[in-house]
There are 2 protein chains.
Amino acid sequence: MRVVHSPLHARHQGGKELHRGELVPCFESPARAELILEAVRRAGFEVSEPRALSAQELLGVHDAGFVDFLRTAHAEWRAAGKEGFMIPSAFPARGLRQDRVPAGLNGRMGFYCFDPGTPIVEGTWDAALAAAGCAVTAAELVAEGAPSAYALCRPPGHHAGHAVYGGYCFLNNAALAAQRLRELGLARVAVLDVDAHHGNGTQEIFWERADVLYVSLHGTPETDYPYFLGWADERGAGAGEGFTRNLPLPRDARWPEYAAALEEALEAVGRFGAGALVVSLGVDTFAGDPISPIALGAEHFPLLGARLASLRLPTVIVQEGGYAVADIGGNVLGVLNGFERGGD
Amino acid sequence: MRVVHSPLHARHQGGKELHRGELVPCFESPARAELILEAVRRAGFEVSEPRALSAQELLGVHDAGFVDFLRTAHAEWRAAGKEGFMIPSAFPARGLRQDRVPAGLNGRMGFYCFDPGTPIVEGTWDAALAAAGCAVTAAELVAEGAPSAYALCRPPGHHAGHAVYGGYCFLNNAALAAQRLRELGLARVAVLDVDAHHGNGTQEIFWERADVLYVSLHGTPETDYPYFLGWADERGAGAGEGFTRNLPLPRDARWPEYAAALEEALEAVGRFGAGALVVSLGVDTFAGDPISPIALGAEHFPLLGARLASLRLPTVIVQEGGYAVADIGGNVLGVLNGFERGGD
Ligand SMILES: [Zn+2]
Ligand SMILES: [Zn+2]
């Protein structure tokens, strides 16, 4: 399968995040993408660059004010003479208003964010837009007839909602791919999210839509990030009622439990009658991942790939998380090889 | 006037907060209370300790699950072998659920919090409960006939809501004082908040109540913390409709603008027909304050005190913010002296 990747991802680097109460270099590092790229190149996959995306093309998924904020925030921060990391000092959480965007930069930053671990750095916008471009380009390849394509996105996207960023994510690459497939004529698109964390952003974006099914396997929000979405009782609303499906797993779930939930997810996608599939692929389900709630072995990733292929759908695979850097290339390659060998 | 203060405040120390993207020692330091204590002692005020408060006595203002969380969180953190600062990694902000408390400690911490700058340390609960005790004891002195009393509280309280902490605040001392005055027979109690920041917690606690008026002067949320509450259009709801009054001020407002808004606030309290007054006294309105949106001079604090006294109401003054540590004692003393000399 074709791989779409942009070197612009490297512009998003140097940030720090709060981890166990200390500021540490972000787990979501440029090395992640470099090592995946090296692995897929060595395995003989053809890698191409994405087409350029305009900010306008994001508006099928994202809010215009939010996109503007992401595009200009760092320049505004620098113009105000500020230093350090762009991390909000308050969030519109419980007991606070969510209906008014403060005019100042600090307030706007908190308004559009939900966590203190996703700093915006100078190159964040360039990298995020390029990652969105990878996902959209991969969707276009598949819409044009490729059986599958892999968008090697960085930063990841599934925690980014319609107008909110967090969890290392700024623009929702998988949602943009699904939306692009819809625009190109696919009537029903399924997003299957196998990252170790719930894709709260993707769920939120398609919450009231019946044309995009969202199914996710992830560590339960009872104990795992992002904590405030991803329970089994979330099923969509309005026209989207029944088109969200969450399969939370207990902490440190292993392959047998994971595989059983995966079969449920595949059945849900099958019943939906999707014309295409978008996979939010996080390999932070790996047991060696430093921030992972799920404990798969490297040998399970090819099995996962094969089961995804068993749906026999045109498929866009979008890179999400995975923070066991030394193993990330091999684990992603395991999924892609498993997918290409196919399932039955 | 009598001063109520507890040395237990010093157990809350050693935390770090995010400021301009770096972890720095909390601006809300033990030295703040020590320097105020020294100033009031030197000026001849009588200082006494508060009575002990039970967690049960907090429930007129705070949620039981929230109180339990604050009481046990640090022990739980330590028992789990965690280190560093207790700062949440995600908040139930936009696009996320606020109706489900995750079981795990990290999720519960984010659920009950709205900012990453208010770490819970080992002695936080002891200090917060003692501060609440100061406010309640001062309220009891006033209910028993003292014309006024000053609760030298630390940590402060006005950002803490019914079930949410943040902004250096854990328990809402001023709200507990107002509630205690109500319990002791005062039919109508006004809270006048002159801290430089909006008292989002106090407003939220009394939002639907007609028996407690909340009036606040503060830097506009357009540019200042806490950003997501404190606009002029917030007037209360249900039975409390019309019993919240916000007077946001433009950034770096000086005495003339401040004094004009103060007169409006005093008129609102007068019209309400309060039987007692609780003042949330922050001296972070001082121009030299490192995180202040308002620019009063030291000479304005006695004027403020005199205007507060002009209401001629039994008054509980509760310490909130003030981070220009070298000046904090003099500025607080200015208010207290101005109040005692009285206004007309
Ligand atoms: Zn993840
Ligand atoms: Zn303040």
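Residues numbered from 1 in each chain as written. Chains lettered and ligands numbered in written order. Predicted model: local features only at pLDDT ≥ 70, side-chain atom pairs only at ≥ 80, totals over all residues. Heavy atoms only, no water.

Under an unreviewed UniProt entry, the name given to chain A is Acetylpolyamine amidohydrolase, and the source organism is Anaeromyxobacter paludicola. Database annotation for chain A, UniProt heading Cofactor (unreviewed entry): "Zn(2+)". In its Sequence similarities (unreviewed entry) section, UniProt records this for chain A: "Belongs to the histone deacetylase family." (UniProt positions renumbered as here; feature names shortened; annotations may be inferred.)

Asker: A description of the coordination of the zinc ion (ligand 1) should follow, citing residues and the corresponding values.
Answerer: Residues and elements named next belong to chain A. Protein coordination at the zinc ion (ligand 1): the donors are Asp195 (OD), His197 (ND1) and Asp284 (OD), at 2.0 to 2.2 Å from the metal. One chain supplies every donor to the zinc ion (ligand 1), and in sequence these donors are spaced D-x1-H-x86-D. The buried category is assigned to Asp195, whose relative accessible area is 1%. Given the relative accessible area of 8%, His197 is considered buried. (Donors = N, O, S within 2.8 Å, 3.2 Å for Na, K, Ca; no water. Buried < 20%, exposed > 50% of the residue type's maximum accessible area, 1.4 Å probe, protein only.)

Asker: Go over unusual backbone geometry, please, and point to the residues and values.
Answerer: The linkage connecting Arg154 of chain B with the following residue, Pro155 of chain B, adopts the cis geometry, with an omega of 0 degrees. Within the secondary structure layout, Pro155 of chain B lies in the loop between β5 (148–151) and α5 (173–183). At the junction of Tyr225 of chain B and Pro226 of chain B, the peptide bond is cis and its omega measures out at 5 degrees in the coordinates. Its identity as a non-glycine residue notwithstanding, Tyr168 of chain A has a phi of 70 degrees, on the positive side. Mapping Tyr168 of chain A onto the fold places it in the loop between β5 (148–151) and α5 (173–183). Its relative accessible area of 11% is what places Tyr168 of chain A among the buried residues. Within the chain, Arg312 of chain A stands out as a residue other than glycine whose phi angle is a positive 50 degrees. (Helix = DSSP H or I, 4+ residues; strand = E, 2+ residues; numbered from the N terminus.)

Asker: Explain the pairing of strand β8 (residues 244–249) of chain B to me, and be specific about the residues and the numbers.
Answerer: Residues and elements named next belong to chain B. For β8, a buried count of five out of six residues is recorded, marking the element as mostly surrounded by other parts of the structure. Both strand β7 (residues 212–219) and β8 contribute to a ladder of six bridges, which runs parallel. Note on β8: the bridge partner recorded for Val215 is Arg245. (Pairing = 2+ DSSP bridges.)

Asker: Kindly report on the packing of helix α8 (residues 300–309) of chain B against helix α9 (residues 325–341) of chain B, identifying the contributing residues and their values.
Answerer: All names here are of chain B. In contact at an axis separation of 6 Å, α8 and α9 are set at 40 degrees when each is read in the N-to-C sense. Comparing their axes, α9 and α8 come out oblique. As for how α8 packs across α9, the hand of that crossing is right-handed. Between α8 and α9, the contacting residues are Phe301, Pro302, Leu304, Gly305, Ala306, Leu308 and Ala309 on the first element and Asn331, Gly334, Val335, Gly338, Phe339 and Arg341 on the second. (Axes fitted to C-alpha atoms, helices over the stretch in contact; angles between N-to-C directions. Parallel < 35°, antiparallel > 145°, perpendicular 65-115°, else oblique. Left-handed = near helix turned anticlockwise from the far one by under 90°. Contact = heavy atoms within 4.5 Å.)

Asker: How would you explain the UniProt feature "domain: Histone deacetylase" (unreviewed entry) in chain A if you had to name every residue and give the values?
Answerer: UniProt's feature table lists "domain: Histone deacetylase" (unreviewed entry) at residues 28–333 of chain A, given in the numbering used throughout. Annotated as 36% helix and 12% strand, the span residues 28–333 of chain A places its first and last C-alpha atoms 19 Å apart.

Asker: Go over the sheet that holds strand β9 (residues 276–281) of chain A, please, and point to the residues and values.
Answerer: All names here are of chain A. Spatially, β4-β1-β5-β10-β9-β6-β7-β8 is the arrangement adopted by the eight strands of the open sheet, whose pairing is parallel. The sheet is open, and its two borders are formed by β4 (47–48) and β8 (244–249), each paired with just one other strand. Of the strand pairs in this sheet, strand β6 (residues 189–193) and strand β7 (residues 212–219) are connected by five bridges, and their pairing is parallel. Within β7, the residue paired with Val189 across the bridge is Val212. Contacts from helix α7 (residues 255–272) reach β6, β7, β8 and β9, with the element oriented near 175 degrees to β7.

Asker: Give me the relation of the copies chain A and chain B: which residues, what numbers.
Answerer: The two copies are related by a screw motion: chain A maps onto chain B through a turn of 180 degrees and a shift of 0.0 Å along the axis, at an RMSD of 0.0 Å. The operation mapping one copy onto its partner corresponds to a two-fold rotation axis. Taking C-alpha positions as reference, the residue of chain A nearest the rotation axis is Ala93 of chain A, located at 2.1 Å. Interface residue correspondence from chain A to chain B reaches 100%, placing this contact among same-surface, isologous pairings. (Least-squares fit on C-alpha atoms with pLDDT ≥ 70 in both.)

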